[in-house]
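# Coordinate inspection notes
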Amino acid sequence: MNDRLLDSTIVDVAVVGAGIAGLATAFDLQARGLTVRILEASTRSGGVIATERFDGWIIDGGPDSLLVQKPAAVTLCRELGIADRLIPTLTPRTAYVLRDGQLHAISEGSFLGFPITVGALVRSRLFSLAGKARMAGEIVTPRRTVDEDESIGAFVGRRFGREAVDYLADPLLAGIHAGDVDRLSIRALFPRLVDAERRSGSVIRALRALHVRPSPQGAFVSLPGGTGELVDTLSGALAPGTVVTNARVTSLSRPSTYPIETTAGQVQARSVVLAAPAYVTASLLRPVDSSLAELCDTVPYASTATVALGYRRDQVSHPLRGTGFVVPRTEGLALLAGTWVSSKWPGRAPDGHVLLRGFLGGGRDPHRLEAGDDELVEIAKRELTELLNISGPPLFTRLYRWTRQSPQYEVGHLQRVAQIERRLTALPGLFVTGSGFRAIGI
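The present account deals with the structure reproduced in this document. (Residues numbered from 1 in each chain as written. Predicted model: local features only at pLDDT ≥ 70, side-chain atom pairs only at ≥ 80, totals over all residues. Heavy atoms only, no water.)

### Observations regarding the nonpolar core
To be explicit about the condition: Think of a nonpolar core as a cluster: buried Ala, Val, Leu, Ile, Met, Phe, Trp, Tyr and Cys residues, connected wherever their side-chain atoms sit within 4.5 Å. For every residue, the accessible area (1.4 Å probe, protein chains only) is compared with the maximum for its type, and the residue is labelled buried under 20%, exposed over 50%, or partly exposed between those bounds. Secondary structure is summarised from DSSP: a helix means a run of H or I of at least four residues, a strand means a run of E of at least two, and numbering begins at the N terminus for each. Contacts are residue-level and defined by heavy atoms, with any inter-residue pair within 4.5 Å sufficient.
Phe114, Met135, Ile152, Val156, Phe160 and Leu193 are the most contacted members of the largest nonpolar core, which totals 39 residues. Listing elements by their share of this core, those giving two or more residues are helix 5 (152-160), helix 6 (162-174), helix 7 (186-189), helix 8 (191-200) and helix 9 (203-209). Top contributing element to this core by residue count: helix 6, with eight residues. With near-sequence residues (within four places) excluded, Phe160 lies in contact with Phe114, Arg134, Met135, Glu138, Val203 and Ile204. Counting residues in hydrophobic clusters, the runner-up holds 32 residues, among them Val11, Val267, Leu284 and Leu292.

### Side note on helix 2 (residues 72-80)
Owing to its 3.6 residues per turn, the α-helix brings residues three or four apart onto one side. What counts here: The arc refers to the directions leading from the helix axis to the C-beta atoms.
Buried within helix 2 we find Ala73, Val74, Leu76, Cys77 and Leu80. Mapping the buried residues of helix 2 onto a view down its axis gives an arc of 155 degrees, with all of them on the same face. Opposite its buried face, helix 2 presents the exposed residues Ala72, Arg78 and Glu79, each directed more than 90 degrees away. Summarising the contacts, the buried residues of helix 2 are in contact with helix 1 (20-31), strand 5 (66-67), strand 11 (220-222) and helix 10 (228-237). Just past helix 2, the residue Gly81 takes up positive phi, approximately 80 degrees.

### What to know about the pairing of strand 19 (residues 353-361)
Across a regular strand the side chains alternate sides, sitting on one face of the sheet and then on the other. To be explicit about the condition: The criterion for strand pairing is that DSSP finds at least two bridges linking the strands in question.
Most of strand 19 sits inside the fold, with eight of its nine residues counted as buried. Pairing geometry for strand 16 (residues 301-312) and strand 19, over nine bridges, is antiparallel. Of the residues in strand 19, the one forming a bridge with Tyr311 is Val354. Two elements, strand 18 (residues 337-340) and strand 19, share four bridges in a ladder whose sense is antiparallel. Counted as the bridge partner of Trp340 is Leu356 from strand 19.

### Notes on the packing of helix 1 against helix 10
Working note: a packed helix pair is described by the angle between its axes plus the distance between those axes. What counts here: Under this scheme, a helix contributes an axis fitted over its contacting stretch, all axes are lines through C-alpha atoms, and angles between N-to-C directions fall in the 0 to 180 degree range. Each crossing gets its hand from how the near helix is turned against the far one by less than a right angle, where anticlockwise is left-handed and clockwise is right-handed. Note on residue categories: nonpolar means Ala, Val, Leu, Ile, Met, Phe, Trp, Tyr, Cys or Pro, charged means Asp, Glu, Lys or Arg, and polar means any other residue, Gly included.
Across the interface, helix 1 lies against helix 10 with an axial gap of 10 Å and an inter-helix angle of 35 degrees. When you trace helix 1 past helix 10, the crossing you get is left-handed. Listed contacts from helix 10 to Ile20, Leu23, Ala24 and Phe27 of helix 1 are Leu230, Val231, Leu234, Ser235 and Ala237. Of the residues assigned to the contact of helix 1 with helix 10, the class counts are eight nonpolar, one polar and no charged.

### Overview of the packing of aromatic side chains
Where we set the bar: Here the aromatic set is Phe, Tyr and Trp, taking the six-membered ring for Trp, and pairing holds for ring centres within 6.5 Å; pairs whose planes are under 30 degrees apart are stacked, those over 60 apart are edge-to-face, and all others are tilted. To sit over a ring, a charge needs its Lys NZ or Arg CZ within 6 Å of the ring centre and within 35 degrees of the ring normal.
In total, this model carries six aromatic pairs according to the counting rule given. Seen from their ring centres, Trp57 and Phe396 are 4.7 Å apart, and the 75 degrees between their planes marks the pair as edge-to-face. Taken together, the positions of Trp57 in strand 4 (residues 57-60) and Phe396 in strand 20 (residues 396-407) put the pair 339 residues apart, joining distant regions of the chain. Phe396 carries the same exposure label as Trp57, and that label is buried. Judged by centre distance (6.3 Å) and plane angle (50 degrees), the ring pair of Phe325 and Trp340 falls under tilted. Here Phe325, found in strand 17 (residues 324-326), pairs with Trp340, found in strand 18; they are 15 residues apart in sequence, far enough to count as distant. Considered together, Phe325 and Trp340 belong to a single accessibility category, that of buried residues. Here a set of aromatic residues connected by ring pairs shows up, and it is made of Phe54, Trp57 and Phe396. Cation over ring: Arg404 sits above Tyr279, and NZ or CZ is 3.7 Å from the ring centre.

### A short note on the side chain of Ser202
To keep things clear, this is the line we draw: Residues adjacent in sequence count toward polar contacts only when both atoms are side-chain atoms; beyond that, a polar contact is any pair of N or O atoms within 3.5 Å, and within protein one must be able to donate a hydrogen and the other to accept it.
Structurally, the position occupied by Ser202 is in the loop between helix 8 and helix 9. From its side chain, Ser202 meets the backbone nitrogen of Ile204 in a polar contact 3.4 Å long. Excluding residues within four positions of it along the chain, Ser202 makes contact with Glu138, Ile139, Arg159, Ala196 and Glu197.

### Brief notes about the packing of helix 12 (residues 290-297) against helix 15 (residues 413-424)
Basically, it comes down to this: Geometric relationships in this document are graded by angle, where less than 35 degrees denotes roughly parallel, more than 145 denotes roughly antiparallel, 65 to 115 denotes roughly perpendicular, and other angles denote oblique.
Where helix 12 meets helix 15, the axes come as close as 10 Å, and the angle between the chain directions of the two elements is 155 degrees. It follows from the interaxial angle that helix 12 and helix 15 lie roughly antiparallel. In the crossing of helix 12 with helix 15, the sense of the turn from one axis to the other is left-handed. Each of Ser291, Leu292, Leu295 and Cys296 in helix 12 lies in contact with helix 15, whose residues at this interface are Arg416, Gln419, Ile420, Arg423 and Leu424.

### Topic: unusual backbone geometry
In the segment running from Thr91 into Pro92, the intervening peptide bond is cis, with an omega of -5 degrees. Among the structural elements, Pro92 can be located in the loop between strand 6 (87-88) and strand 7 (95-99). A positive phi angle, close to 55 degrees, is found at Leu112, a residue other than glycine. Along the polypeptide, Leu112 turns up in the loop between strand 9 (110-111) and strand 10 (114-115). In this structure Leu112 comes out as partly exposed when scored by relative accessible area, which is 32%.

Distances and angles like these do not, on their own, reveal function.
Below you can see the structure in the form of structure tokens.
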């Protein structure tokens, strides 16, 4: 990586932002023979992908996996020559939901947590008898007749009942997006559920017909060195000098080429890809198209924090069999979720030790990150200690703050993105990408 620009350098494409979207864009463009410069405001590449390694510990501060069902990242690994290094999660792959202070396993035979077989519904200890009866009744619940977007909470409540909202949709479906179940869009985030209702009138019936079965390799994969290994490999595959750090873009204008002013100098580009958060994209677009900028600026973001803690194995009484747990808001805890990292991935902690992660903040707890670092660590430590019966202090703690880094695909998001894409057609050579628009996850 460089931290200086040659004045008036002309390139085919300038990419603003060196997160995974910007890096992957540059990799693809260079493979097509184009010259590319990535302009990154911070001191490093990767965005929310950040891996710390020390003394036998491997800690992902942000996302820790690639989703197999969304194959683009796995394809990128294949193109980079590291697909053979992808590893599945350890078994058992059981995830848990907290209810009344107890962790309840999500039953085998579930899809996105929803029991789609009779056996899975019967075995589940998460729901009351009344809740199970209501969920089973989804098969005969009339389909919706209006073709409008709705929240995850509204969709799940209509089809499966209130318990399913409280103990699945809220902590699991909305939780993985750090959002509010009553605001996030079901159509933008879980279109398969919408399509299932539309096609057959029943989500359960449609999923049963598809014979959905879990992959023997699991739903997620990662790399031995953490997700940061993907960023390191991708950065190393780019032409020398492609990534320029400490280069915050301060001005973007549009004559025959795009002159871009940065804190590290100027670059001229025939095309520009904005791969930054939507609100940053909005600030850069305001002099070019104020209406387009306003659309981008309306994408809401949440702030989250990841707290990592290392312990000796004998300090943690819980068996830690599985991947971790999610916490419904009805439980009244600050934690959104917890991951038993060393039970999920091999090699993340030294022998005889365990690595845990706790997650705070998000759309349902928007003021949590107003607390100081020490307070956030103490909250996560205290709640994990109570849930997992931990004795003694951790060997170390790490806090990773992600301020305004979790885009919220709220109801109407897809319509907003369609408007953005229509306005972009009037600006040839200018493109937007990244998690604020259509690309949540790696």
